[in-house]
Amino acid sequence: MWDFIKDNILTIFCVLGLIWLGNLFLTQLRYKKQGARLEGTVVGHVNQSGNYFPVYEFNYNGETLRVDSYNGDKNPMIEGETEIIYYLPGNQKGVFAERNMGVKPWQILCGAAFIVVIVISLMKFFTK
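Just so we're clear, the structure is a prediction, and the values are computed from it rather than from any experiment. (Residues numbered from 1 in each chain as written. Predicted model: local features only at pLDDT ≥ 70, side-chain atom pairs only at ≥ 80, totals over all residues. Heavy atoms only, no water.)

(A) Focus on helix H3 (residues 105-126). Under the 1.5 Å per step criterion, the end-to-end length of H3 is 32 Å for 22 residues, consistent within 8% with the ideal 32 Å. Tucked into the core, H3 has its buried residues touching helix H2 (9-34). (Helix = DSSP H or I, 4+ residues; strand = E, 2+ residues; numbered from the N terminus. Expected span 1.5 Å × (residues − 1). Contact = heavy atoms within 4.5 Å.)

(B) Examining the pattern of salt bridges more closely. By the definition in use, this model includes three salt bridges. Here Glu 98 and Arg 37 are joined by a salt bridge, their closest N and O atoms 3.2 Å apart. Of this pair, Glu 98 sits in the loop between strand S5 (96-97) and H3 while Arg 37 sits in strand S1 (residues 36-48); the two residues are 61 residues apart in sequence, bridging distant segments of the chain. Exposure remark for Glu 98: the relative accessible area of 29% places this residue in the partly exposed category. Residue Arg 37 is classed as exposed on the basis of its relative accessible area of 51%. (Salt bridge = Lys/Arg side-chain N within 4 Å of Asp/Glu carboxyl O. Buried < 20%, exposed > 50% of the residue type's maximum accessible area, 1.4 Å probe, protein only.)

(C) Summary view of the packing of aromatic side chains. Scanning the entire structure with this criterion turns up seven aromatic pairs. The interplanar angle of 85 degrees and the centroid separation of 5.9 Å between the aromatic rings of Tyr 31 and Tyr 70 together place this pair among those described as edge-to-face. Of the two residues, Tyr 31 is situated in helix H2 and Tyr 70 in the loop between strand S3 (63-68) and strand S4 (82-87); the sequence distance between them amounts to 39 residues. Residue classification places Tyr 31 among the buried residues on the basis of a relative accessible area of 0%. An aromatic cluster is defined as three or more aromatic residues linked by ring pairs; in this entry it consists of Tyr 31, Tyr 70 and Phe 96. (Phe/Tyr/Trp six-rings, centres within 6.5 Å; stacked < 30°, edge-to-face > 60°.)

(D) Main features of the sheet that holds strand S2 (residues 51-60). Across the sheet, which stays open at both edges, the five strands sit in the order S3-S2-S1-S4-S5 with antiparallel pairing between neighbours. The sheet is open, and its two borders are formed by S3 and S5, each paired with just one other strand. Both S1 and S2 contribute to a ladder of seven bridges, which runs antiparallel. Each residue of the ladder has a partner; that of Val 42, found in S2, is Tyr 56. (Pairing = 2+ DSSP bridges.)

(E) Looking closely at H2. For H2, with 26 residues, the first-to-last C-alpha span of 37 Å sits near the 38 Å given by 1.5 Å per residue. All of the buried residues in H2 are Thr 11, Cys 14, Gly 17, Leu 21, Thr 27, Gln 28 and Tyr 31. Buried residues along H2 sit in contact with S4, S5 and H3.

(F) Looking closely at the pairing of S4. In terms of strand pairing, S1 meets S4 through six bridges, oriented antiparallel. Within the sheet, the bridge partner assigned to Arg 37 lies in S4 and is Tyr 86. In this sheet, S5 lies alongside S4 in antiparallel orientation, the contact comprising two bridges. Its bridge partner being in S5, Ile 85 is matched across the sheet by Ala 97.

Take a look at the structure:
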(Lines give C-alpha, C1' and ligand atoms only; values in the text may rest on other atoms or scores of the structure.)
Protein backbone atom coordinates (compact mmCIF):
# COMPACT_ATOMS: atom_id res chain seq x y z
CA MET A 1 0.00 0.00 0.00
CA TRP A 2 2.72 2.48 0.99
CA ASP A 3 4.73 1.61 -2.09
CA PHE A 4 1.72 2.41 -4.29
CA ILE A 5 1.27 5.78 -2.56
CA LYS A 6 4.98 6.57 -2.75
CA ASP A 7 5.14 5.64 -6.44
CA ASN A 8 2.01 7.63 -7.33
CA ILE A 9 2.16 10.63 -4.99
CA LEU A 10 2.21 13.17 -7.85
CA THR A 11 -0.80 11.52 -9.48
CA ILE A 12 -2.65 11.48 -6.15
CA PHE A 13 -2.00 15.20 -5.68
CA CYS A 14 -3.16 15.87 -9.24
CA VAL A 15 -6.42 13.97 -8.66
CA LEU A 16 -6.96 15.92 -5.42
CA GLY A 17 -6.17 19.16 -7.28
CA LEU A 18 -8.76 18.36 -9.96
CA ILE A 19 -11.32 17.59 -7.27
CA TRP A 20 -10.54 20.92 -5.57
CA LEU A 21 -10.79 22.89 -8.84
CA GLY A 22 -14.06 21.14 -9.74
CA ASN A 23 -15.50 21.90 -6.30
CA LEU A 24 -14.49 25.57 -6.60
CA PHE A 25 -16.12 25.82 -10.03
CA LEU A 26 -19.33 24.12 -8.85
CA THR A 27 -19.51 26.32 -5.74
CA GLN A 28 -19.20 29.49 -7.82
CA LEU A 29 -21.80 28.15 -10.26
CA ARG A 30 -24.17 27.42 -7.37
CA TYR A 31 -23.74 30.98 -6.02
CA LYS A 32 -24.36 32.40 -9.49
CA LYS A 33 -27.48 30.27 -10.14
CA GLN A 34 -29.06 30.06 -6.67
CA GLY A 35 -27.59 33.12 -4.97
CA ALA A 36 -28.84 36.65 -4.76
CA ARG A 37 -27.01 39.24 -6.88
CA LEU A 38 -26.60 42.27 -4.60
CA GLU A 39 -24.59 45.41 -4.19
CA GLY A 40 -22.18 45.15 -1.27
CA THR A 41 -20.12 47.84 0.41
CA VAL A 42 -16.67 47.08 1.81
CA VAL A 43 -16.78 47.89 5.55
CA GLY A 44 -13.59 46.21 6.70
CA HIS A 45 -11.14 43.38 6.10
CA VAL A 46 -10.13 40.09 7.63
CA ASN A 47 -6.38 39.52 7.38
CA GLN A 48 -5.33 35.90 7.04
CA SER A 49 -1.77 34.89 6.17
CA GLY A 50 -1.05 38.26 4.58
CA ASN A 51 -4.19 38.26 2.42
CA TYR A 52 -6.99 40.76 2.93
CA PHE A 53 -10.51 39.37 2.65
CA PRO A 54 -13.03 42.20 2.31
CA VAL A 55 -16.04 42.26 4.63
CA TYR A 56 -19.15 43.30 2.72
CA GLU A 57 -22.23 44.92 4.17
CA PHE A 58 -25.43 44.53 2.18
CA ASN A 59 -29.18 44.37 2.56
CA TYR A 60 -31.04 41.15 1.95
CA ASN A 61 -34.81 40.84 2.57
CA GLY A 62 -34.78 43.98 4.71
CA GLU A 63 -31.93 42.71 6.90
CA THR A 64 -28.45 44.28 6.93
CA LEU A 65 -25.77 41.59 6.82
CA ARG A 66 -21.98 41.60 7.08
CA VAL A 67 -20.21 38.69 5.43
CA ASP A 68 -16.57 38.06 4.47
CA SER A 69 -15.54 37.38 0.91
CA TYR A 70 -14.17 34.00 -0.12
CA ASN A 71 -11.53 35.75 -2.23
CA GLY A 72 -8.63 37.61 -0.68
CA ASP A 73 -5.90 39.79 -2.10
CA LYS A 74 -2.50 41.07 -1.00
CA ASN A 75 -3.79 44.64 -1.23
CA PRO A 76 -6.88 45.60 0.77
CA MET A 77 -9.85 47.13 -1.00
CA ILE A 78 -10.79 50.68 -0.09
CA GLU A 79 -13.46 50.81 2.60
CA GLY A 80 -16.66 52.33 1.24
CA GLU A 81 -16.15 50.79 -2.22
CA THR A 82 -19.19 49.04 -3.61
CA GLU A 83 -19.37 46.13 -5.99
CA ILE A 84 -21.70 43.38 -7.11
CA ILE A 85 -21.60 40.27 -4.92
CA TYR A 86 -23.36 36.92 -4.90
CA TYR A 87 -24.86 35.85 -1.59
CA LEU A 88 -26.32 32.40 -1.00
CA PRO A 89 -29.30 32.98 1.34
CA GLY A 90 -28.68 31.57 4.79
CA ASN A 91 -24.93 31.16 4.27
CA GLN A 92 -23.02 33.48 6.60
CA LYS A 93 -19.64 31.96 5.68
CA GLY A 94 -18.85 34.03 2.61
CA VAL A 95 -19.82 35.76 -0.59
CA PHE A 96 -18.26 35.92 -4.04
CA ALA A 97 -17.58 39.23 -5.72
CA GLU A 98 -18.66 39.27 -9.37
CA ARG A 99 -15.14 40.17 -10.46
CA ASN A 100 -13.86 36.93 -8.90
CA MET A 101 -16.42 34.67 -10.56
CA GLY A 102 -15.53 32.50 -13.50
CA VAL A 103 -12.57 30.45 -14.56
CA LYS A 104 -9.15 32.06 -14.29
CA PRO A 105 -6.18 31.32 -16.59
CA TRP A 106 -4.19 29.72 -13.74
CA GLN A 107 -7.10 27.34 -13.08
CA ILE A 108 -7.12 26.25 -16.73
CA LEU A 109 -3.34 25.73 -16.74
CA CYS A 110 -3.36 23.79 -13.46
CA GLY A 111 -6.32 21.69 -14.56
CA ALA A 112 -4.64 20.87 -17.88
CA ALA A 113 -1.37 19.98 -16.13
CA PHE A 114 -3.22 17.77 -13.64
CA ILE A 115 -4.99 15.95 -16.47
CA VAL A 116 -1.73 15.43 -18.39
CA VAL A 117 -0.01 13.94 -15.32
CA ILE A 118 -3.00 11.67 -14.62
CA VAL A 119 -3.17 10.47 -18.24
CA ILE A 120 0.59 9.76 -18.34
CA SER A 121 0.31 7.85 -15.06
CA LEU A 122 -2.62 5.81 -16.35
CA MET A 123 -0.77 5.05 -19.59
CA LYS A 124 2.27 3.83 -17.60
CA PHE A 125 0.02 1.76 -15.33
CA PHE A 126 -1.80 0.04 -18.21
CA THR A 127 1.33 -0.61 -20.28
CA LYS A 128 3.19 -2.46 -17.49
